[in-house]
Amino acid sequence: MPAQTAKVAKTGKRSEYDDRSKPTAIRSSNIQAAKAVADAIRTSLGPRGMDKMIQDGDKGDVTITNDGATILKQMKLLHPAGKMMVDLSKSQDVQAGDGTTTVVVIAGNLLEACERLLKRGIHPSTISESFQVAVDEARMILSDMSSPVDLQNRELLIHMATTALNSKVVSQYSSTLSPLAVDSVLRVMDEGKVNLTDIKMIKKFGGTVEDTELVCDGSIVIDRRVESLCNTFKVEKARIALIQFCLSAPKTDMDHGVVISDYAQMDKIMREERQYILRIIKAIKAASVNVLLIQKSILRDAVSDIALHFCSKLGIMVVK
């Protein structure tokens, strides 16, 4: 009987030992997953970094980039530690707008150093506390190395923007894009603060990067096309009117059917429609308007072909 009791106790010790080994295996798995993500984008770091070609498995779209946030966003990761590295890159992109690859590579190297310390038997809590001390020391060193930036020094800001673009795909166009970026930010800056939502970028197919221009000084870009039936496509010294009513025949509030028995009645209806639209357009022209912005309607056509014909005759450009 005592021998049997000793056997059970021995079995219990072995089970307890196995349970203690699980945290070590989990930590090792997390570190390996994070290092794999860091190694995947390590070669795209810096001005000599290589671009990555990523193909979407579902749609088949191909993306070529060396931006860490873009690469990680395209990767389909399942491991929680790998997803944390993606969140780290996104957070860096939101806070600074740059350094998305750097933070992931640094995090991978720090975790690799942690793995060596864990193998030496150092407790994870001790390593975590040491990292907090290192963070405070790093902040002091960076503060001593840093120098204040004069937001009124345009040349310095352009030089900084050019440096940031040197590691991007458009690095060869940095001399064109850097002044545009700096000027756009300086124009919306209010008391040293900038809301990037005040800057709108519109992409158009065709042309080259050199065709990019900054539209400012009270001007706006409307990403809408001129109606094709309107023969006026360019207007100088424009007087713009924005209307929220329709330049088309009115409709009743309720669904009704109109029965036409002869051509005379049809001709009368068409004459009334033409006169109704013509009166509105003449009133618009009387206000010296030569550019008309019409809001789309879900109930009926915002502008009819007859209205476009009259606007073309009177030299009014129509944009819907």
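Use the structure listed above.
Residues numbered from 1 in each chain as written. Predicted model: local features only at pLDDT ≥ 70, side-chain atom pairs only at ≥ 80, totals over all residues. Heavy atoms only, no water.

Observations concerning the pattern of salt bridges
To be explicit about the condition: What counts as a salt bridge is simple: a side-chain nitrogen of Lys or Arg found within 4 Å of a carboxyl oxygen of Asp or Glu. Per the convention used, a helix needs a DSSP run of H or I reaching at least four residues, while a strand needs a run of E reaching at least two, with both numbered from the N terminus.
This model, assessed by the stated rule, comprises five salt bridges. Asp 39 serves as the salt-bridge partner of Arg 42, at 2.8 Å between the closest nitrogen and oxygen. Of this pair, Arg 42 and Asp 39 both sit in helix 1 (residues 2-42), three residues apart, which is roughly one turn of the helix. As a salt-bridge pair, Asp 183 and Arg 154 come within 2.7 Å of each other at their nearest N and O atoms. One end of the pair, Asp 183, is in helix 7 (residues 174-188); the other, Arg 154, is in helix 6 (residues 154-165), with 29 residues separating them in the sequence. Linked through salt bridges whose partners overlap, the residues forming this network are Arg 154, Glu 155 and Asp 183.

Describing the side chain of Ser 174
Applicable threshold: Each residue is placed in one exposure class: buried if its accessible area under a 1.4 Å probe, protein chains only, is under 20% of its type's maximum, exposed if it is over 50%, and partly exposed if it falls in between. The contact rule is simple, with two residues in contact once any of their heavy atoms fall within 4.5 Å.
Tracing the chain through its elements places Ser 174 in helix 7. Accessibility expressed as a relative area gives 8% for Ser 174, which makes it buried. In this view, Ser 174 contacts Thr 162, Leu 165, Asn 166 and Pro 179; residues no more than four positions away in its chain are not counted.

Section: the pairing of strand 3 (residues 240-243)
Short version of the rule: A pair of strands is labelled paired if DSSP reports no fewer than 2 bridges between them.
Where burial is concerned, the two faces of strand 3 differ: the one with Ala 241 and Ile 243 is buried and the one with Ile 240 and Leu 242 is not. Pairing of strand 3 with strand 4 (residues 291-294) involves four bridges; the strand directions are parallel. Looking across to strand 4, one finds that Leu 242 is bridged to Leu 293.

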